[in-house]
Amino acid sequence: MDSSETPKARRPLPTPGIPVGTQRPSTPVLSSSPLLPSSFYVTPKPPPLPTRPRNPGSNFTAYVAPSDPPQYDSPSFDNSPGFREPELVVEDAIVEDDNMVPDLTAQEETGSWPGWQTQTDENHWSNHTSSGWDPITNTNWGGGGGDTGNTLDFDSMAYMSNRTDLEFTIDGRLNREETCWWNPEEREKGRRPGFGVLPPVLAEELHDPNHSLFSVNVSAPVILPVISHTPPTPGPVAKDPLLSSGPSTSGSSSSTHTDAATPPPSEDEVRTSVPHPNAYYCPKDNGWVILSWKASSVVPPLAYSFLDSSSPPLPDQARRRRINSCIEEGEQPFGKTNKTHHFHKYEKAVDSHKLTPPFRQDEWASLESVKQKRRIGTIMPTELNINAIKADNVEFSAEGQAIDEEGKLLDLYVCCQCSFYCVASGIIPGVIPKKHIEELVRDKRSSPPVGKTGEHAVVLAFETFMIAIENKLWRGNNRMIKVHSTGFQTKVGWNPNIKRMFELLGFVEEVVERDSTLKPPSTDNTTTLGKLNRRKLLRAWVEFGAWVADFKRLHASHFKDWKGYKIAVQLDSAREMYQTAIGAHPDQIPRGGLSDTMLDALRPLEGSWRGLGLTPTTYSADLLAFAYLAQCRCHPADTPKYFTYFSNIVKHLQEYGSCPAQLQELLGMEQSRERFTLEDIDTAARTLGFGADHVLGVDYDDEIPDDFVENAWKDTIKRSWRDHENGSETHRLANEAFRILAESRSSIRLRRAWESGKNKYMNPIRAYETLEVPKDVDDHMLITVYNMRLEETPSQIEKMREAMMVIAEVRDSERLRQFVSSGLDPGDIVAPTRPDLPRGLNQLGNTCYLNSLLQYFYTIKDLRDAVQPMSKLDVKALEDEKLSDEDLKRHRVGGRLVTRREIIRSKKFINQLAELFFNLEYCETAAVTPTLELAKLALVTSRDEEEDEVDKGGTDSSNDTDATLVDDGPSRASILGPSCVSQSPKSSNSVLGKRPRDLDRQRSEMDVDSPLSQSPKEKDGFVVVPSHRNAGSPPTLSQSNQSPEASSSKVHIIDRDGDSTMHADRPTQPAPPPRKRAEPTSDSTMMFGKQHDVAECMDNCMFQIETALLKFDGIHETTDKTSVVKRLFYGKIRQRLTGADGGQQSRASIHEKEDLFSHLPVNVANDGVDIYDGLSGYFDDVVEYEGRKARMEVSLVDLPPVLQIQLQRVQFNRETLQPYKSQAYVKFGENLYMDRFMDTADPVKKAKSKAIQTELSACRDRVRLLVDGKDAPFTSTLEHTRKFLSGLQDASLPGVDNELLQQLEDERARVHSEIDRLRARADVLKDELEAIWRDCTEAAYELTSVFIHRGSSPSWGHYFFYSRHLPESPDSWFKYNDSDVTVVSKDEVLADTTGSTANPYLLVFARKGSDVVDTVKRFDTTMLDSP
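Residues numbered from 1 in each chain as written. Predicted model: local features only at pLDDT ≥ 70, side-chain atom pairs only at ≥ 80, totals over all residues. Heavy atoms only, no water.

A. Molecular detail of helix H10 (residues 434-446). Along its 13 residues, H10 runs 18 Å from first to last C-alpha, staying within 8% of the 18 Å computed at 1.5 Å per residue. Within the sequence span of H10, burial applies to His 436, Ile 437, Leu 440, Val 441 and Lys 444. What you see down the axis of H10 is that its buried residues fit within an arc of 135°, all on one side. The exposed residues of H10 that point more than 90 degrees off its buried face are Lys 435, Arg 442 and Ser 446. Turning to H10, the residues buried within the fold contact helix H11 (454-473), helix H12 (486-491), helix H13 (496-505) and helix H14 (528-554). (Helix = DSSP H or I, 4+ residues; strand = E, 2+ residues; numbered from the N terminus. Expected span 1.5 Å × (residues − 1). Buried < 20%, exposed > 50% of the residue type's maximum accessible area, 1.4 Å probe, protein only. Arc of directions from axis to C-beta. Contact = heavy atoms within 4.5 Å.)

B. Spotlight on the packing of aromatic side chains. Applying the stated criterion across every chain, the model contains 36 aromatic pairs. Taking the centre distance of 5.4 Å and the plane angle of 35° together, the rings of Phe 465 and Phe 544 count as tilted. Residue Phe 465 is located in helix H11, and its partner Phe 544 is located in helix H14; the two are separated by 79 residues in the primary sequence. Phe 544 gets classed as buried once you look at its relative accessible area, which sits at 3%. (Phe/Tyr/Trp six-rings, centres within 6.5 Å; stacked < 30°, edge-to-face > 60°.)

C. How the structure looks around the pattern of salt bridges. Tallying each qualifying case throughout the model produces 75 salt bridges. Among the salt bridges present, the one from Arg 739 reaches Glu 736, with a minimum N-O distance of 2.5 Å. Of the two residues, Arg 739 and Glu 736 both sit in helix H23 (residues 727-744), 3 residues apart, roughly one turn of that helix. For Arg 739, a relative accessible area of 1% gives the class buried. As a salt-bridge pair, Glu 1154 and Arg 1134 come within 2.4 Å of each other at their nearest N and O atoms. Of this pair, Glu 1154 sits in strand S16 (residues 1151-1157) while Arg 1134 is found in strand S15 (residues 1131-1139), placing the two residues 20 residues apart along the sequence. With a relative accessible area of 15%, Glu 1154 lands in the buried category. (Salt bridge = Lys/Arg side-chain N within 4 Å of Asp/Glu carboxyl O.)

D. Region of the structure containing the sheet that holds strand S9 (residues 515-519). Spatially, the 3 strands line up as an open sheet ordered S7-S9-S8, and their pairing is antiparallel. Two strands close off the open sheet at either side, each with one partner strand: strand S7 (481-482) and strand S8 (508-512). In the sheet, S8 pairs with S9 via 5 bridges, with the strands oriented antiparallel. In the sheet register, Val 512 faces S9, and the bridge partner there is Asp 515. (Pairing = 2+ DSSP bridges.)

E. Geometry of the packing of H13 against H14. Running from N to C, H13 and H14 cross one another at 130°; their axes reach a closest spacing of 9 Å. Judged by the inter-axis angle, H13 sits oblique to H14. Here Met 501, Leu 504 and Leu 505 of H13 come into contact with H14, specifically with Lys 536, Leu 537, Ala 540 and Phe 544. Among the residues forming the contact of H13 with H14, the class breakdown is 6 nonpolar, no polar and 1 charged. (Axes fitted to C-alpha atoms, helices over the stretch in contact; angles between N-to-C directions. Parallel < 35°, antiparallel > 145°, perpendicular 65-115°, else oblique. Nonpolar A, V, L, I, M, F, W, Y, C, P; charged D, E, K, R; others polar.)

F. Examining unusual backbone geometry more closely. Cis geometry is found at the peptide bond from Thr 356 to Pro 357, where omega equals -5°. A positive phi angle is found at Asp 812, which is not glycine, with a value near 55°. Take Asp 812: it is sitting in the loop between helix H27 (797-811) and helix H28 (814-822).

Right, dumping it as structure tokens:
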């Protein structure tokens, strides 16, 4: 090259007022020798830390030019005058001049590297005002608003303050702003930058701490170009093993160097082959990271997209200008320094095109980007080949960058306390992606050549790539590379990964003479593609060299005697350099403040450390306090979050006994400033009733309206007024909770409401004292007294008005509220009933159980839908409806044919029931009154009416049919052998075919019959209903306990196949003659003639519903479940009667049958059982049959959608011969799984379960015997006996001695020990039993209704029931208590009733997924169109 083309070295002009020796050069100074690694920095050896210069810029190296500087011919460089290596420069103190131009952007420094110089208007950050963008004005960098210029609250007079939190090294805090952190208006004034981090965290964010980062110093290889101008002879063999012996790529006239006019890369090209002067190489990522830092009061070049985004505000520039660097020693001129930097991150804030010098994306990367954009963003013809797009077809800028609006967007980190900032790029991928490098390393390490280690194989492969690039760029060798040659295969090999790596370098695979070769890319400087390939190869050569240099460093032991390829790349670690620059060096922030034990203990608090912007390894008390205060200062909106982090760390330090006193004092100071944690917010929400298990039943979140929160606070205050024991504390906690929620929601309105209401001292006691009235005075008298007091002392109007408001809230009196609001007495006000609340039923005498039943029917969706259309029946036309005998024989209800009379009666009943359902849906009153006719039809059966007419001397049989009752077959009761079965034709099964009406059976339901001698009366809130039966009623409990031997009936057992029959051996006795019916003495004795128990009432209602819905339209239905009643409530069981000994049974002695059921009975005699124990007694029982024990096994064949389980609480005392109600508690839950009782259940599990159940029952029976005894518990009897005899011992009674007393004590202890052992064994057995069926959940039911009887006697009491709010709110329940319907929690429904007389007697479960229950059906008035 001609020396005349060498650029002249230029010296910078001196700046007036600054000594020449202190000014940094802005133009390169050429040198005759390359820069040695030892002299990479300006001084041969940097000064020791921490006395080294503070806050250096990121242009840290100086350049020493060669003697013959090369000329830049590449069009991507603007023939810049030369190259200057970055040097470590200590910048002078920043002068307070708003018009000052930053050092890195001065016009004299348009480019520090020859290849980086660009147009002047693109290089200066302060030179964009011509486009209408003033960075200082438009980005809010220059002023933050509020009191940013005056921080006297914490700065000017800080040294005079005694506040503990002011002793820490931190400035820029505003007392008003920190006190009103919750106020969005105050925060808007301050415009704080938000979340920040300390230098150690920033160091980790700049680059992965597990990766190394290096500054790359590269020089050209010492290679003499060999250029031959003589045509080659055919087939020469190259000296380099990479070169092929085939023809050259230039055709017949080609030479060894086809790009003879292209010179090898110059020294400057080599040195500027790194992406940017501030780019650092990461070997693990095979990529580059741009890091640039500077202390300057002028804004960095912000990207236009960042300015248009809703990013947090930039820090206050006025305060930043006051301090040059937070990490400088000594006091600043304008106040105390800070402990360290506090950085704020702004993602994608800096446009790389505006850096000095600009960074532009590599051309080959741009080309790939263009291809990708055209793939996904353009509708292309099918013949377009994306891979055919060449560099010549893409429009690039002068620097080779594909034209785009913005360059790569870099992250900006700004210290809010000083003028220091840092710019970082993240990983910029190298030419070869990381995944290909890793795959190559794995391949070579796993299969090294013979005689080489894996490490050697890796280095040989990379050196081969470098040699191939050098052959092309420096030797000008353009020959093909034979991929199957011995040398190439040994060093590199050939596989898809190697092929892809060469393709990324520009090499193309070609087949020459049936041999695969690699054609090098063109590097002709006269074409765009050639220039692009030249720069790509040079970049890849530098990256390969840097990677190998680091690899050899890490595996130095393998390369001690390595003699081979000489790498022209030198690496210098950049970690210490950027750590020192940002203030994260260990000499600046020491490590090891916590022991390993403490670090392990604090490891769970990683989120708290990161939330405060520091790491546990850099902990110190001062740094932790600074981090917390800095976060509260810069991000006041999240003060509760930061106080949570800080308090968590301090409390852990206190727990392990290593918490400095200053941190404890700071924590106490912050608590005195009413700081609260995130846990306090949750506690506050629960205090005001939020949460699924609390008063409101609503989970708290930010979506809850402010009005709702305020009302919750007021409601809690009202509850505190009613709490006479803890009311004051509840009131205080409610006020504190409301303040916490108001501030956490940043609600100014709620905060003001708290301020106005927190100091109100008025409570109910003071309110009544103020008005001088007793608590039990009614509203009318209270209003009268209030008006009198106002006339007497009008000056006390506000106090008395407040007292009146408190009383109104305590009483929940709408009348008093309206009076306080308007001053006028509105009179008695009936509060409107919620439109979505179910309606109650008014009681017609002693019909509370009927009300419960009717309300229950209304919650069954399918039943309700079937009944409601029957309100349109023409009742008068029913009498004229004629049905033939053939019509009547088509249907059976309850196993028998029905009469015309029953059909007419049933249709009248369902018509009345439909009218009731209509009122329950549409009425606006709180309760509905059923008609007397409906109550009569529900409570009095058709049999009762017939008997009444017979007693009166006649009957109207015109509507009857000769086809009377037909029995479908015996029920379970008939199998057991009833003690008394009437032989009269009227003595049939019950209307549902399950309970024979005259069958002598033990009563399982509470009687609610009215006495014949007097009208029903109330006693202590209960309906007193003595049980008095006539001859037509079922027998009493005393009659029902006759032995089976007294049975006189013949019993037939017919199984499904009809092949087994069993006959009774005893002769049939005639039925006793019916007694004469007694005439009532008064019309007021019975409202409806005769009433029955609850189960009979339910059967009667179901019978009439099913009968009324019969279809006589000629369609003959034969299935078992044709009616809605059968489909909903009836299932099928299989009964099996065998010998009780469990031995081998003959077929003749085993009897089976299937039958329908609507209820499953559970005998409730003893405590300590659950619903599964009770059902087990029904499905497997021992009964008396033909004078011997027989085992009755029952299994479920088919389950109904609605499962009704009847708890039989009426028991019979054989000693007193009187019935009594069992108050035993039977445990049940929200879910029930019937799998264990199914006929298809696993027989192995059933056998194992049966054995466990037998032992469990024996344990419980034995415990019951020992605990209860016959007359008294054994343990207490023995104890009392011992004490009695001990008192007689002094009287020298014969036989009473110490031995006897000891025997009694030992016996008592033995009994007590046996009871404990049996109970423990029972618990174990119960757990084993449930474990067997734990996974059997196919027959799943959910609890929907619970019927309650309250009373100690089976002859009187009160009935109500609970219904689950399905499907809308399954955790909520309704309590139907006649006319009152209230919402209750599930805890009340599932509560343990031990000791209470209000016990469940009927449980209703619905099959999960059946969707048969719809509890609330109310007409929605909002659906009406408004006028």
